[in-house]
Amino acid sequence: MNMLIFIVVGLLVHCVFLASIFDIYFTSPLVHGMTPQRTPLPPPAKRLVLFVADGLRADTLYELDDNGTAQAPYLRNIIEYKGSWGVSHTHVPTESRPGHVALIAGFYEDVSAVAKGWKENPVEFDSVFNESKYTWSWGSPDILPMFAKGASGDHVYTYCYTAEKEDFGAQDATKLDTWVFDHVKNFFQAARSNQTLFSKVNEEKVVLFLHLLGIDTNGHAHRPNSREYKDNIRKVDEGINDIVSMLEDFYGNDGKTAFILTSDHGMTDWGSHGAGHPSETLTPLIAWGAGVNYPQKVTSQFFEDDFLKEWKLEKWKRLDVNQADIAPLMASLIGVPFPLNSVGILPLDYLNNSAHFKAESIFTNAVQILEQFKIKMTQKKETTLSFLFTPFQLLSDTEQINILRKARSYIHQEKYHEAVSLCKTLISLALEGLSYYHTYDRLFLGISVVMGFVGWISYVILLIVKTHTGLSRSTHDKASTVLLLYGFAAIGILIAFFLLIQTCPWTYYIYCLLPVPVWYAVVKEFRVIQDLASVVLVFPLGQSIGFLVAGALGIEILVFSFFYRSTLTFGLIAFAGWPLITRLWTQAKVTTLNWTLLCLLLAMFPLMPVVGREPNISLVTVAGLVILLISSFSLACLCKSKNKYVPKKDLTILLFQMLSIALSTYVVNSTHSSLHHKQGLPVINQIISWTTLASSLFVPLLSPTFFFQRLLSILLSLMSPYLLLSTGYEALFPLVLSGLMFSWIYMEKEVLQRYGDSLKPKLAVLNFSYTTDITQFRQLHLDDIRRSFFFVFFIVTAFFGTGNIASVNSFDPASIYCFLTVFNPFVMGSLLVWKIVIPFVLVSCAFEAVQVTTQLSSKSLFLIVLVISDIMALHFFFLVKDYGSWLDIGTSISHYVLVMVFTIFIMLLSGLAQLLTTKRIELWGRTKRHSM
């Protein structure tokens, strides 16, 4: 197969494998066609005020300061004298959009919702706002529009400040919240003189939504333990006090207003969110006003955490809920239908109403969730052959009718406690049944994807054996090939027909039909399989087992490194001892010493804290100075070299890159100093940062293609943006990694010389652009598997060396402050991704050099790398789960996605590395080169 075609096919196959887990494990839970359900009794409140303090942690709000004073005195007073309180448990991903959807619509978006980020309502769903008579909302342009545009009719009104105000480098982010409070006050002041508006705000079923982003912005900029974050909480507390007083005055203290304060997500100590750490998933919930229970004093209460004592709230009953439970609570308080897609369970302990009202409300809640179950069951029944359909046994049609009839009977008989208990049982069964039908096709799809995975890995192994080793010289038998083609075509038609009569989604055709051509390609090479089997059978059994054990152990180390970064440390220590085991040290003592020391130095990084948790700009400065020293030494060596003439333009490029490093070091210090003094991001710093980033991939192409000159140029160009994106010790990481890569190139040269395989000249005079002669390439050896494993290990080290950034919450927003401070999630995400990619590029360029020095075709080593990464991906496919803690679920998804992206990315990275190493742009015309 042509290599270009192979790469294209490989990319498509891996994109299918990557997308498969979202169809198998995390499809959208939404169904449509339900009937709205509302409590038949009159509600206690005419209006609801929802305060969402974005990024507010439960512990920071509830705890007392060093003087024993509450962070939010007004809200503390509410907890002790006027309302109910607890902790709202959010779900992964702890991002703004999924958090607000859970709060206002009552369901948890699938985990892939984090990719949708801040889009405006890409999926149709019902919400409390949609069911209200009128909703007025004030706050961020990233949150409010998605609920307004999702509403039916024109009754959800939004008032947003401009996106430019969401500036992490602003002098005072509390202005975002002050803007909201001021505009709410102005709105009600205007309503006094506007009869139409006055009539609307006095209607029933009205919602007022105040989205307060200042706390989240200050948390990102200054960390949750900072004075700015806690001062913002006090400002919000004062603002809420003012709004409550103003509303009570406006409505004449009619006692018909309910208030709820909560948050969409929390925040880690280092100012980020997105994963499942308790600091991100535990958010406050305080409710008071019409229809809400007063404080309930208790003598003792038990929770797994020890927060009650820390918060000095042991005497007041803590009522914890799941985040989605807040939506039915709001609906019940103002008497609107429960959101159609809500899976929240009404927290009855928050309600201050009659037992009859509570029973009717939970009955409505049960019917609303049961409606979703019935729609889901019907949909699955219609798309499954009757003899293959297995219904959810615990909630048959008869059982549903019996439970509903019995619950209604209890309510009529005023046995409200029994009715509530029975409705909760029905809700539990309906939710379990929803999950059952939601995952109905999981086993079937999983088997299909695994068959495709195994077939693909088998095909790549056979391709290696056939084209890059001397183990097989077999040719195809045309007659048997045609027979196989017809046979597999028949199998594909049968599968397609089976899916067609079940009216399966189009994605099912891809997952189920993909294994057919893949396995056809494998079986077609049956003669290669025979040749490979004959070689393996004559190989000593002990050595065969040894190779298998070593290979399995190597892959398990790579897999473990995704869970425990310290595994990389053990791997690097083992690498340090490799020359001693193979006795390479006897022929190259200096090279071996360099390799060992650099392996041990790099092994320290996985043991350090995750990047971003402890910023230290002085270490970034040290890294800048070290790279300047290295480049100065390299410049001196080039100028003093007697064997090589160095054109002035090459020296100019090197000096330009050194200047870029110096500027980057200055900009990092200047920017963080300016932000520390709340003077914002200097424009000149921003210009320098973006210019440096734009030139980082272009400048290396101007340098000579001699091995070390080009590799040094790539390092200097990529270090400039990396310094700008660094906040601590990670700035030193690419330096140590690059040093080890240079040493690796030398070590591989020594390995080949030891076995007498290398006829190449010295590395110093090797030129990337002169190494494309196919006749020089050799066949693969067993040692090349070790080289490929080294590459994969270094790629994984490049990713996890400075932090377990498989978790979204390890991203430090401070990393991008040299480029922008105004909130822009996609630009910020792109910059952080580029920061991750830079070490990858350094490793890939070194691997390109290893391929050249070892006289190997890049195709052959690339195929071995592909097999190793695909085996890892298959391993993680079996580890993906959607049960257990949300941290476990998020971790399992991110690991599989990461290793699949690795595989796809390695294909693209190989091309980028070839471009960076072999191509040169001549701006000044060609200059005569003199060497040796």
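Predicted model, so just to flag it, every value in this text is computed and none were measured.

(A) Layout of the overall build of the protein. For the protein, the helix and strand inventory stands at 35 helices and 8 strands. For the protein, buried positions account for 57% of its 932 residues. Across the protein, contacts joining residues at least 24 apart in sequence account for 81% of those joining residues at least 6 apart. In the form shown here, the protein has an accessible surface area of approximately 38,800 Å², with 62% of it arising from carbon and sulfur atoms.

(B) Structural context of the sheet that holds strand β5 (residues 206-212). Taken in spatial order, the 8 strands of this open sheet run β4-β3-β5-β1-β6-β7-β2-β8, and their pairing is mixed. For this open sheet the edge positions go to β4 (156-160) and β8 (321-322), each flanked by a neighbour on one side alone. Pairing between strand β1 (residues 47-53) and β5: 7 bridges, direction parallel. Along β5, the bridge assignment pairs Arg 47 with Val 206.

(C) Molecular detail of the side chain of Ser 660. Along the chain, Ser 660 turns up in helix α28 (residues 648-676). With a relative accessible area of 12%, Ser 660 lands in the buried category. If we skip the residues at most four places from it in the chain, Ser 660 touches Thr 692 and Ser 720.

(D) Local environment of the pairing of strand β7 (residues 282-289). Among the 8 residues that make up β7, 7 are buried, leaving the element largely enclosed by the rest of the structure. As paired elements, strand β2 (residues 84-89) and β7 share 6 bridges and run antiparallel to each other. From the neighbouring strand, Gly 86 faces β7, where its bridge partner is Leu 285. Bridge count for strand β6 (residues 257-262) against β7 is 5 bridges, and the pairing is antiparallel. Residue pairing across strands places Thr 262 opposite Leu 285, the latter belonging to β7.

(E) Quick peek at helix α19 (residues 478-501). Counted at 1.5 Å a residue, the expected span for α19 with its 24 residues is 34 Å, and the 35 Å between its end C-alpha atoms agrees. Among all positions in α19, only Thr 481, Leu 484, Phe 488, Gly 492 and Leu 499 are buried. At its buried positions, α19 is contacted by α18 (442-468), α20 (506-513) and α21 (515-523). Just downstream of α19, Thr 503 is the residue with a positive phi angle, here 45°.

(F) Molecular detail of the nonpolar core. Ranked by internal contacts, the top residues of the largest apolar core, which has 151 residues, are Trp 595 and Phe 794. Residue-level mapping places this core at the junction of two domains, with at least three residues from each of domain 2 (442-538) and domain 3 (541-773 + 793-918). Those residues in contact with Phe 794 that sit more than four places away from it in its chain are Leu 572, Phe 575, Trp 595, Leu 740, Met 741, Trp 744 and Val 843.

(G) Structural detail: the packing of aromatic side chains. As enumerated under the stated definition, the model contains 61 aromatic pairs in all. Between Phe 17 and Phe 453, the aromatic rings sit 4.2 Å apart at their centres with planes inclined by 15°, giving stacked as the arrangement. Residue Phe 17 is found in helix α1 (residues 3-24), and its partner Phe 453 is found in helix α18; the two are separated by 436 residues along the sequence. Members of the aromatic cluster, joined through ring pairs, are Tyr 134, Trp 136, Trp 138, Tyr 157, Tyr 159, Phe 187, Phe 188, Phe 198, Phe 250 and Tyr 251. A cation over an aromatic ring shows up here: Arg 47 above the ring of Tyr 251, its NZ or CZ 3.5 Å from the ring centre. Positioned above the aromatic ring of Phe 363, the side-chain terminus of Arg 408 is 4.4 Å from the ring centre.

(H) Here's a closer look at the confidence of the model for the protein. When pLDDT is averaged along the protein, the result is 85, and 89% of the positions lie at 70 or above. Mean pLDDT across the elements of the protein bottoms out in helix α5 (residues 113-116) (47) and peaks in β6 (98). Taken as a whole, residues 113-122 scores under 50 in pLDDT and shows 27 contacts with residues more than four places along the chain or in a different chain. pLDDT under 50 marks residues 927-932. Its contacts with residues more than four places away, or in other chains, come to 13 contacts.

(I) How the structure looks around the environment of His 265. Structurally, the position occupied by His 265 is in the loop between β6 and α12 (278-281). A C-alpha to C-alpha distance of 6.7 Å links His 265 and Leu 56, two positions 209 residues apart in sequence. With residues up to four places along the chain from it excluded, the contact list for His 265 reads Asp 54, Gly 55, Leu 56, Thr 90, Thr 94, Glu 95, Ser 96, Asp 216, His 273, Glu 280 and Thr 283.

(J) Structural detail: the packing of helix α10 (residues 214-222) against helix α11 (residues 227-250). Closest axis-to-axis distance for the α10/α11 pair is 8 Å, and the angle between their directions is 170°. Relative to α11, the element α10 lies roughly antiparallel. Together, Gly 214, Ile 215, Asn 218, Gly 219 and His 222 of α10 and Glu 228, Tyr 229, Asn 232, Ile 233 and Val 236 of α11 make up the contact between the two elements. Considering only residue class, the contact of α10 with α11 consists of 4 nonpolar, 5 polar and 1 charged.

(K) A look at the packing of α19 against α20. With their axes 10 Å apart at the nearest point, α19 and α20 run at an angle of 155° to one another. The orientation of α19 with respect to α20, classified from their angle, is roughly antiparallel. Every pair of crossing elements has a handedness; the one defined by α19 and α20 is right-handed. Of α20, the residues touching α19 (which contributes Gly 492, Ile 495, Ala 496, Leu 499 and Leu 500) are Tyr 508, Tyr 509, Cys 512 and Leu 513. A per-class count over the contact of α19 with α20 returns 8 nonpolar, 1 polar and no charged.

(L) Representation of the pattern of salt bridges. What the rule picks out here adds up to 21 salt bridges. As a salt-bridge pair, Arg 234 and Asp 231 come within 3.1 Å of each other at their nearest N and O atoms. Taken together, the positions of Arg 234 and Asp 231, both in helix α11 and 3 residues apart, correspond to about one turn of that helix. In this structure Asp 231 comes out as partly exposed when scored by relative accessible area, which is 28%. Across the pair Asp 783 and Arg 786 runs a salt bridge whose closest N-O atoms are separated by 2.8 Å. Of this pair, Asp 783 and Arg 786 both sit in helix α32 (residues 783-800), 3 residues apart, roughly one helical turn. For Asp 783, a relative accessible area of 27% puts it in the partly exposed group. Three or more residues joined by partner-sharing salt bridges are found here, namely Glu 748, Asp 783, Asp 784, Arg 786 and Arg 787.

Conventions used here
Residues numbered from 1 in each chain as written. Predicted model: local features only at pLDDT ≥ 70, side-chain atom pairs only at ≥ 80, totals over all residues. Heavy atoms only, no water. Helix = DSSP H or I, 4+ residues; strand = E, 2+ residues; numbered from the N terminus. Buried < 20%, exposed > 50% of the residue type's maximum accessible area, 1.4 Å probe, protein only. Contact = heavy atoms within 4.5 Å. Areas by Shrake-Rupley, 256 points an atom, 1.4 Å probe, with all protein chains shown as cover. Pairing = 2+ DSSP bridges. Expected span 1.5 Å × (residues − 1). Core = buried A, V, L, I, M, F, W, Y, C linked by side-chain atoms within 4.5 Å. Domains from an automatic or database assignment. Phe/Tyr/Trp six-rings, centres within 6.5 Å; stacked < 30°, edge-to-face > 60°. Lys NZ or Arg CZ within 6 Å of the ring centre and 35° of its normal. pLDDT = per-residue confidence, 0-100. Axes fitted to C-alpha atoms, helices over the stretch in contact; angles between N-to-C directions. Parallel < 35°, antiparallel > 145°, perpendicular 65-115°, else oblique. Nonpolar A, V, L, I, M, F, W, Y, C, P; charged D, E, K, R; others polar. Left-handed = near helix turned anticlockwise from the far one by under 90°. Salt bridge = Lys/Arg side-chain N within 4 Å of Asp/Glu carboxyl O.

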